[in-house]
Protein chains: 2
Amino acid sequence: MNDADTHDARSARPLVDLAAAVRRGERRALARAITRIESLRHDHQAEAEAMLERLLPHAGSAIRLGISGAPGAGKSTFIEELGLRLTAAGKRVAVLAVDPSSRRSGGSILGDKTRMARLGREPLAFIRPSPAGETLGGVARRTREAGLLCEAAGFDVVVIETVGVGQSETAVAEMVDSFLLLLSPGGGDELQGIKRGIVELADLIVVNKADGALRSAAMLAARDYANAVRFLRPATAAWTPRVLTCSALEGEGLDEVWQGVLDHRAALEADGLLQRRRERQARSWLWSEVQAALAHALRSDDGSRRLMRELEDATAAGRLLPTRAAERLLATFRRA
Amino acid sequence: MNDADTHDARSARPLVDLAAAVRRGERRALARAITRIESLRHDHQAEAEAMLERLLPHAGSAIRLGISGAPGAGKSTFIEELGLRLTAAGKRVAVLAVDPSSRRSGGSILGDKTRMARLGREPLAFIRPSPAGETLGGVARRTREAGLLCEAAGFDVVVIETVGVGQSETAVAEMVDSFLLLLSPGGGDELQGIKRGIVELADLIVVNKADGALRSAAMLAARDYANAVRFLRPATAAWTPRVLTCSALEGEGLDEVWQGVLDHRAALEADGLLQRRRERQARSWLWSEVQAALAHALRSDDGSRRLMRELEDATAAGRLLPTRAAERLLATFRRA
């Protein structure tokens, strides 16, 4: 990876050229383009959107894979080993992260440049740390857009990593085709570190560290999870979440994990569900953008910012009907 | 129950009087007020909002209980038996339903007036069928508002029933304090009729029909579910979902179920979570109202309706960036 040019965002290089360089798959250009979409400067954002629109028709063909797991489950090793296998097979792999807490926590996720150092040196790989951002919405939007840039740059697989303890998993599930949950052996107690609802999102559950003294514990845990997953089976089952074991450390079971990703994708494609899933995601992204843009517009002057806070508080306190508050917010926006 | 005056919505009786009659707990007035908020006429809606605002300060003290279950789990019998126990103890109980499909399916849920006939004859009970509506959003909004009316009318418990096979459960979970999932014995296969994600919402899982030949099967199923629930435990556990058995038919185990509801509520209150949960629900309701009002405004003339559909389709097809589509939608709204 290379984002030494993080602070070079004001470069005069025209964005048309930048978009073309991204299309050619130049990693430096990709890093620079992502930096541009992460910029908070208003003129940068307008330019970045124009660039994204130019590249959008070239996105869409990658496998979008979300990977989540509790701290200590071995996500870095797992992603690196999986990534190295894919690059060895000639696939281009991008790894992005969503972690709105990384700034405060000191960057637990991809923040350390030494993480995935071997994968980072692979010419076919691109690794991008979590964008700085105050709100999950902002971080999620930028990660989603960065993913589109990676696809336009010709990456075959876009991995979106999330730390597995917060709200970001739902956001990630809304931007990927398959969601993989990585766990370490430890039976039911293991899942206490995983927020309720995340297991629900998983298309694949992988118990890592199935090696050495932990091998049999991993097998037991996988059996328990497989049992639990039965209870969560979807009504119309195009896919029953698959439970697997692996040892990222010893490189065992990773081919089976990747086969699971491919099988899940094939199941979705067979039913036309992949297309529908992506369409639904795009629609829901549209409406969350509408909400974000509206809230932003309402925050842009002191008067309406104060009003918005008052209306939110009055609604939360049960003093004002949400329907009425919504009308007043929209009326304010219309006048502004 | 009494909603013979369903078609009397154009009554000249001033809404101030109607609100006062609701406050006195008159069931006919409550039925009429709910009919008014369900009206699609624009002038009715404005009046209904004014009435709701007047009553809002008197809402908030009821126990809001969501009950869901697959068809055949015995929801009617269960709710009726639970309701009769509560009214026998002097509690006032309202039962509302969310079921956006009821119109098409011919009204599987509360549509039949003979359902819960005994509870319906109780002076302390109020039963309201599912409102007619084309979209879940519309039905959910009206049910939520009807719940507030019931609270203002002094009902101690507001039960919101949902059929357990669709998307409505998430909407219901967003308007109640506790969510109860009713199942019949039958082990893992039983849950195949339940959509993935609904088990996740449950604060209480109750296996019904623990009587006669099914008693031991119910016990086994409950044990299985209790095992599965361990895997879904929340990270900060103010409450571990409780799994119980009962026989609504023989009236067994219902006191324990109600105790479970009270215990869940106590756990939420001890941590200040009830207040926070309701505040979060109100905020999220506010923003869904904003979105609905905006979409409605954008649909109100042919030009912007066409534009909105175009933008949604272009976004879904990956031809247009959602950010850009959102900007254009808002600009249209501002000009309109």
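Criteria and thresholds
Each chain carries its own residue numbering, running from 1 in the direction its sequence is written. Lettering for chains starts from A, numbering for ligands starts from 1, and both go in the order in which the items are written. Side-chain atom pairs in this predicted model are given and counted only at pLDDT of 80 or more, local residue features only at pLDDT of at least 70, and totals for whole chains, interfaces and linings cover all residues. Side-chain measures were taken over the full set of non-hydrogen atoms in the model, leaving aside hydrogen atoms and water. Residue-level confidence of the predictor, termed pLDDT, takes values from 0 up to 100. Every residue pair with non-hydrogen atoms within 4.5 Å of one another is taken to be in contact. Structural elements are reduced to axes, namely lines fitted to C-alpha atoms, with helices fitted over the stretch in contact, and the angle between N-to-C directions of any two is expressed from 0 to 180 degrees. Put simply, DSSP H or I for four residues or longer makes a helix, DSSP E for two residues or longer makes a strand, and each gets a number counted from the N terminus. By definition in this entry, angles of less than 35 degrees are roughly parallel, angles greater than 145 are roughly antiparallel, angles of 65 to 115 are roughly perpendicular, and the rest are oblique. Just so you know the grouping, Ala, Val, Leu, Ile, Met, Phe, Trp, Tyr, Cys and Pro go in nonpolar, Asp, Glu, Lys and Arg go in charged, and all remaining residues, Gly too, go in polar. Burial classes: relative accessible area under 20% of the type maximum marks a residue as buried, over 50% as exposed, and values in between as partly exposed (1.4 Å probe, protein chains only). The directions considered for the arc run from the helix axis to the C-beta atoms. Pairing between two strands requires that DSSP report at least two bridges joining them. By nonpolar core is meant a set of buried Ala, Val, Leu, Ile, Met, Phe, Trp, Tyr and Cys residues that side-chain atoms within 4.5 Å join together. Only the six-membered ring of Trp is used, alongside the rings of Phe and Tyr, when aromatic pairs are assigned; centres must lie within 6.5 Å, and planes under 30 degrees apart are stacked while those over 60 apart are edge-to-face, with the rest tilted. Only when the NZ of Lys or the CZ of Arg is both within 6 Å of the ring centre and within 35 degrees of the ring normal is a charge said to sit over the ring.

Participant: Sorry if this is basic, but what is going on with the confidence of the model for chain A here?
Facilitator: Residue and element names in this part refer to chain A. In this model, chain A carries a mean pLDDT of 83, and residues with pLDDT of at least 70 account for 83%. Overall, residues 1-10 carries pLDDT values under 50, and its contacts beyond four positions in sequence, including any with other chains, amount to 22 contacts. Here residues 102-109 scores under 50 on pLDDT; set against residues more than four positions off or in separate chains, the count is 19 contacts. Predicted as a complex, the structure gets a pTM of 0.74 and an ipTM equal to 0.75.

Participant: Any chance you could explain the packing of helix H13 (residues 273-299) of chain A against helix H14 (residues 302-316) of chain A here in plain terms?
Facilitator: How two helices pack is summed up by the angle between their axes together with the distance between the axes. All names here are of chain A. Between H13 and H14, the least distance of the axes is 6 Å, while the angle of their chain directions is 120 degrees. Between H13 and H14, the angle falls in the class oblique. In contact with Ala295, Ala297, Leu298 and Arg299 of H13, H14 contributes Ser304, Arg305 and Met308. Split into classes, the residues belonging to the contact of H13 with H14 amount to four nonpolar, one polar and two charged.

Participant: Could you clarify how one ought to interpret helix H1 (residues 15-23) of chain A in this entry?
Facilitator: Spacing of three or four residues puts side chains on the same side of an α-helix, whose turn is 3.6 residues. Residue and element names in this part refer to chain A. When H1 is considered as a whole, its buried residues turn out to be Leu15, Leu18, Ala19, Ala21 and Val22. Looking straight down H1, one finds that the buried residues subtend no more than 160 degrees of arc, so they occupy a single side. Trailing H1 by a residue or two, Gly25 shows a phi angle of about 85 degrees, which is positive.

Participant: Help me understand the environment of A:Gly72, please; the structure alone is not making it clear to me.
Facilitator: Residue and element names in this part refer to chain A. Looking at the secondary structure, you find Gly72 in the loop between strand S1 (63-69) and helix H4 (75-88). Overall, Gly72 belongs to the exposed group, its relative accessible area being 52%. Spatially, the C-alpha atom of Gly72 lies 9.9 Å from that of Leu182, the residues being 110 residues apart in sequence. Not counting residues up to four positions away in its chain, the partners in contact with Gly72 are Ser184 and Lys209.

Participant: Could you clarify how one ought to interpret the sheet that holds strand S5 (residues 178-183) of chain A in this entry?
Facilitator: What holds strands together in a sheet is hydrogen bonding between their backbones, with the strands either parallel or antiparallel. Residue and element names in this part refer to chain A. One open sheet holds the seven strands; their spatial order is S3-S2-S4-S1-S5-S6-S7, and the pairing between them is parallel. Taken across any chain shown, the strands that pair with only one partner, and hence form the sheet edges, are strand S3 (125-127) and strand S7 (242-245). Averaged over all neighbouring strand pairs, the angle between strand axes comes to 20 degrees, with direction disregarded. As judged from the six bridges shared by strand S2 (residues 93-98) and strand S4 (residues 157-162), these two strands associate in the parallel manner. Counted as the bridge partner of Val93 is Val157 from S4.

Participant: In this structure, what is going on with the nonpolar core? I would like to understand it.
Facilitator: The biggest cluster of nonpolar side chains holds 55 residues, and the ones touching the most others in it are A:Leu30, A:Met51, A:Phe126, A:Leu149, A:Cys150 and A:Ile205. The biggest single contributor to this core is helix H7 (residues 136-152) of chain A, with seven residues. When sequence neighbours within four positions are dropped, the list of residues in contact with A:Phe126 reads A:Arg27, A:Leu30, A:Ala31, A:Ile34, A:Val93, A:Ala94, A:Val95, A:Cys150 and A:Phe155. Among the nonpolar cores identified, the runner-up in size contains 54 residues, and B:Val22, B:Ala29, B:Leu55 and B:Ala222 belong to it.

Participant: For this particular structure, what's the right way to read the packing of aromatic side chains?
Facilitator: The description of an aromatic ring pair uses the distance of the two centres, along with the angle that the planes make with each other. Per the stated rule, a full pass over the model turns up three aromatic pairs over all chains. Between the aromatic rings of A:Phe333 and B:Phe333, the centroid separation amounts to 5.9 Å while the plane-to-plane angle is 10 degrees, which identifies the pairing as stacked. A residue pair is termed interchain when its members come from two chains, as with A:Phe333 in helix H15 (residues 322-335) and B:Phe333 in helix H15 (residues 322-335). Each member of the pair, A:Phe333 together with B:Phe333, is buried. The residue whose ring lies beneath A:Arg92 is A:Phe155, and the NZ or CZ to ring-centre distance is 4.2 Å. We note B:Arg144 situated over the ring of B:Trp285; from NZ or CZ to the ring centre the distance is 4.7 Å.

Participant: Explain the sheet that holds strand S7 (residues 242-245) of chain B to me, please; I cannot follow it from the model alone.
Facilitator: All names here are of chain B. Taking strand neighbours across the sheet as the criterion, the seven strands line up as S3-S2-S4-S1-S5-S6-S7 in an open arrangement whose pairing is parallel. Since the sheet does not close on itself, it has two edges, and those belong to strand S3 (125-127) and S7, each with one partner. The average undirected angle you get between the axes of adjacent strands in this sheet is 20 degrees. Strands in contact with helix H12 (residues 254-270) are strand S1 (63-69), strand S4 (157-162), strand S5 (178-183), strand S6 (204-207) and S7; relative to S1, the strand with the most contacts, it is inclined by about 125 degrees.

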